[in-house]
Amino acid sequence: MRIRVLAAESLGVRSMCVEVECRETRLLIDPGAALGPRRYGLPPDQMEWRRLHTLRERIRKRLSLADTVIITHYHFDHYTPDWAEDLRGKRVLIKDPVRNINRSQARRAAEFVKRLSMAGVQWEVAEGRRLRLPGVEVHLSGPLWHGPETRFGCVMAVAVKEGGESFLHTSDVSGPVHPEILDFIKKVRPEVLLVDGPSTYLGPRYGHEALSVSRRNLISLVRDMGISILILEHHLLRDLGWRKWAEPIFEAATQKGTLVFSGAEFSGEKETLLEAERKKRYQK
């Protein structure tokens, strides 16, 4: 199994796009990327727009090679509505567009499903299902809350198993905070875990207690689950001080022999936190 983070905050955009290449199956999870419209009260600059263009081209190229595409929810950093025709001929597994979804995502989902139909793309609701694809097993979670609050609706996590290797993509659980995602991780027992850490950059708006719960849960997973590789990404990497916040996690990982990376590091690329560094660039 070959896992590659194609786009993420550590690579300069908002995304959690991952390619999982197995011997007989090539999956692409969340083929989308976007920019934070305002950060520090500032819009994206040209460096961010160029990076977004580059990574979208990368995603679209890898999308053309995938035979299975999974979309975990309907935020624009996780799917690209304009690429509906690119999905023709592929197995498309999506989060339920009607149930366990908030109003804004339901509108987006309805429009996307319409585009898929117009493009002649067949799709399947994937939540809670176990699927056997050529050479691999894919386990989709039931609906999971998008972070500590319920107003953002639900997402689904994706586990891929090939032989004795296993990988889990949490999608936007923003933590993990809730017991449902912890139960799913413990059930899957992944060797490689890609988790979107909490939104530490929001501070009190995210919630100090939720931040503490998230860190305790990540430490517990490292200590108890035998994870070989932990990839911290997405919301957490919008914070320049993410490594300081994660120090206890790194310490627990060192004790257990778990390797901890950002998505960029894991994929052998330079870590570039363009959104988090936006204010510095404007000041220059």
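Residues numbered from 1 in each chain as written. Predicted model: local features only at pLDDT ≥ 70, side-chain atom pairs only at ≥ 80, totals over all residues. Heavy atoms only, no water.

Right, let's get into the layout of surface pockets. Taken as a whole, the largest pocket spans an internal volume of roughly 610 Å³. As for the largest pocket, its lining consists of 25 residues, and the residues nearest its centre are H75, H146, F152, H235 and R238. The residue inventory of the lining of the largest pocket, partitioned by class, reads 9 nonpolar, 8 polar and 8 charged. Here the second largest pocket defines a volume of roughly 200 Å³. Forming the walls of the second largest pocket are R130, E137, H139, A159, V160, K161, G164, E165, S166, K187, V188 and R189. Secondary-structure elements contributing two or more residues to the lining of the second largest pocket are β8 (136-140), β11 (158-162), β12 (165-169) and α3 (179-188). (1 Å grid on protein atoms, 1.4 Å probe; cavity = no way out; pocket = protein on both sides within 12 Å on 5 of 7 lines; lining within 4 Å. Points joined across faces, edges and corners; volume = space filled by probe spheres on them. Nonpolar A, V, L, I, M, F, W, Y, C, P; charged D, E, K, R; others polar. Helix = DSSP H or I, 4+ residues; strand = E, 2+ residues; numbered from the N terminus.)

The sheet built from 6 strands is open, its strands ordered β1-β2-β3-β4-β5-β6 with mixed pairing. Two strands close off the open sheet at either side, each with one partner strand: β1 (2-8) and β6 (123-125). Strand-to-strand twist across the sheet, computed as the mean angle between neighbouring axes with direction ignored, equals 20°. Two strands pair when backbone bridges link them, and strand β5 (residues 91-94) and β6 are joined in this way by 3 bridges, in the parallel orientation. Counted as the bridge partner of L93 is E124 from β6. (Pairing = 2+ DSSP bridges. Axes fitted to C-alpha atoms, helices over the stretch in contact; angles between N-to-C directions.)

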